[in-house]
Amino acid sequence: HFVRALSCRHWVGSRAKATAYKQSLNSYLSFLKSEKGLKEDQVTFDAFSRNNVRDFIGWLHEKKYAPKTINLKLTTIRSFLKCKFRAVSHICTEI
């Protein structure tokens, strides 16, 4: 819910890029569920802590993901959080 409810419609360019980003975010959600016990409807900004992201990297290494793929997933998380931060900042300035 968190990821879908706060989605930025224009934070990616092409449809292929959007699909790759969605897959990367879904990987992170799978990690949160299996390793941290968080269901998708329990995910908040707190779930994107530095420690969780480090654990996610370790999890990806254990699953034998290529460094390039890991970098894509991290870039996706960073882009997603930048988009969310801008959206929340915009909302807060309107209040």
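I will try to describe carefully the structure that is included in this document.

The rules behind the values
- Residues numbered from 1 in each chain as written.
- Predicted model: local features only at pLDDT ≥ 70, side-chain atom pairs only at ≥ 80, totals over all residues.
- Heavy atoms only, no water.
- Helix = DSSP H or I, 4+ residues; strand = E, 2+ residues; numbered from the N terminus.
- Expected span 1.5 Å × (residues − 1).
- Buried < 20%, exposed > 50% of the residue type's maximum accessible area, 1.4 Å probe, protein only.
- Salt bridge = Lys/Arg side-chain N within 4 Å of Asp/Glu carboxyl O.
- Core = buried A, V, L, I, M, F, W, Y, C linked by side-chain atoms within 4.5 Å.
- Contact = heavy atoms within 4.5 Å.
- Arc of directions from axis to C-beta.

1. Here we look at helix 2 (residues 15-36)
Between the first and last C-alpha of helix 2 there are 30 Å, a value that for 22 residues agrees with the 32 Å anticipated at 1.5 Å per step. Within the sequence span of helix 2, burial applies to Tyr21, Ser24, Leu25, Ser27, Tyr28, Leu29, Phe31 and Leu32. Positioned one or two residues after helix 2, glycine 37 has a phi angle of 70°, which is positive.

2. Considerations on the pattern of salt bridges
For the coordinates displayed, the defined rule picks out one salt bridge. Between lysine 36 and aspartate 55 there is a salt bridge; the shortest N-O distance is 2.5 Å. In this pair, lysine 36 is assigned in helix 2 and aspartate 55 in helix 3 (residues 50-62), connecting sequence segments 19 residues apart. The partly exposed category is assigned to lysine 36, whose relative accessible area is 33%.

3. Looking at the nonpolar core
Grouped together as the largest cluster of nonpolar side chains are 16 residues, with contacts concentrated most on Tyr28, Phe31, Leu32, Val43, Phe48 and Phe56. Counting residues per element, the ones that place at least two in this core are helix 2, helix 3 and helix 4 (67-94). Tallying contributions element by element places helix 2 first for this core, with five residues. Apart from the residues within four sequence positions on either side, leucine 32 is in contact with Gly37, Leu38, Val43, Ala47 and Asn52.

4. Quick notes on helix 3
Look at helix 3: 19 Å from first C-alpha to last across 13 residues, which is about the 18 Å you get at 1.5 Å a residue. Of the positions making up helix 3, those classed as buried are Asn52, Val53, Phe56, Trp59 and Leu60. On an axial view of helix 3, the arc spanned by its buried residues comes to 115°, and they lie on one face. The exposed set on the far side of helix 3, more than 90 degrees from its buried face, consists of Arg50, Asn51, Arg54 and Glu62. The first or second residue beyond helix 3 is lysine 64, which carries a positive phi of 65°.

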